[in-house]
Every structure is written in C-alpha cells, then in structure tokens.
Amino acid sequence: MSNNIFDNEHISFLVLSNDEKQYSLWPESCAIPDGWQVAFGPHQRDECLQWVNVHWCDLRPKSLQVQELS
C-alpha cells in the first residue's frame, strides 16, 4: 500500500486547471492551491485520469500554443 495520497485509488479526486490550461490530479480532501480551479470531479482517480487524457491534448502552456489565424 502506498503512503502517497496522490496514488490512493480509494479516495475521490478533482482535476484542477490553471490559467495556462494545465491540469493536475488533486485529492478532494486537500485544499485547492491558489491559481487553480476545479475543471472536473470529484470522481474516482481513474475517471479523473481518463478526463485528463481526453481534454489535455496539447501539453504546452496556453501562452505557448500557436493561435490559429482567422
């Protein structure tokens, strides 16, 4: 059994996002850090990881992503 709360598959997690559209898996029982907000959850760890895999396709921070010209 792991002592790391982030590896615990038996607790609820949140997916947090910041202004750069980066995501973090976060235990629901922990305080949300400044600059981050809930994007998904609370759900089981695996569901949150699946959500991140679907929604976070470009790992670069938003400020470094190429903007499409209209």
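Looking at an unreviewed UniProt entry, the protein chain carries the name Protein MbtH, with the source organism given as Pseudoalteromonas holothuriae.

Mind showing me how you'd approach the nonpolar core here?
Across soluble globular proteins, nonpolar side chains show a tendency to be buried alongside one another. By size, the foremost hydrophobic cluster in this structure holds eight residues: F13, V15, Y23, L25, F40, C48, W51 and V52. Mapped onto this core, the elements with two or more residues apiece are β1 (12-18), β2 (23-27) and α1 (45-55). The element that contributes the greatest number of residues to this core is α1, accounting for three residues. Not counting residues within four places of it along the chain, the set of residues in contact with W51 comprises V15, Y23, A39 and F40.

Is there a simple way to explain the sheet that holds β1 in this structure?
Strand pairs in the sheet, formed through backbone hydrogen bonds, run parallel or antiparallel to each other. With antiparallel pairing, three strands are arranged side by side in an open sheet as β2-β1-β3. Strands at the two margins of the open sheet, each flanked by one partner only, are β2 and β3 (36-44). Ignoring which end each strand starts from, the neighbouring axes of this sheet average 30 degrees apart. Summarising the sheet, β1 and β2 pair through five bridges and their orientation is antiparallel. Considered in β2, the bridge of F13 is made with P27. Contacting β1, β2 and β3, α1 runs over the sheet at an angle of about 130 degrees to β3.

Looking at this structure, I do not really get the pattern of salt bridges. What am I missing?
It is possible for side chains bearing opposite charge to pair when their charged atoms get close. Under the defined criterion, the tally for this structure stands at one salt bridge. The closest approach of N and O atoms between R45 and D7, which form a salt bridge, is 3.9 Å. Placement of the pair is R45 in helix α1 and D7 in the segment before β1, with a sequence separation of 38 residues.

Sorry if this is basic, but what is going on with the pairing of β2 here?
It is a general feature of regular strands that their side chains alternate between the two faces of the sheet. The buried count for β2 comes to four of five residues, which makes it a mostly enclosed element. The hairpin formed by β1 and β2 contains four residues between the paired strands, and K21 there has a positive phi angle of roughly 60 degrees.

Would you mind going over the side chain of S17 with me for this structure?
In this structure, S17 sits in strand β1. Using a relative accessible area of 7% as the deciding quantity, one classes S17 as buried.

Each value, and the rule that gives it
- The numbering scheme is per chain: residues are counted from 1 as the chain's sequence reads.
- In keeping with the predicted nature of the model, local features appear solely for residues at pLDDT of at least 70, side-chain atom pairs appear and are counted solely at 80 or more, and the whole-chain, interface and lining totals rest on all residues.
- The side-chain figures draw on all heavy atoms in the structure; neither hydrogens nor water molecules are used.
- Think of a nonpolar core as a cluster: buried Ala, Val, Leu, Ile, Met, Phe, Trp, Tyr and Cys residues, connected wherever their side-chain atoms sit within 4.5 Å.
- Here the term buried applies to any residue with accessible area under 20% of the maximum for its type, exposed to any over 50%, and partly exposed to those in between, with areas from a 1.4 Å probe on protein chains only.
- Starting at the N terminus, helices and strands are each numbered in turn, a helix being any DSSP run of H or I of at least four residues and a strand any DSSP run of E of at least two.
- Note on definitions: a residue-residue contact is assigned when non-hydrogen atoms from the two residues lie within 4.5 Å.
- At least two bridges found by DSSP between two strands is the condition for calling them paired.
- Only the stretch in contact is used when a helix axis is fitted, and all axes are lines through C-alpha atoms; the angle between N-to-C directions ranges over 0 to 180 degrees.
- Criterion for a salt bridge: a side-chain nitrogen of Lys or Arg within 4 Å of a carboxyl oxygen of Asp or Glu.

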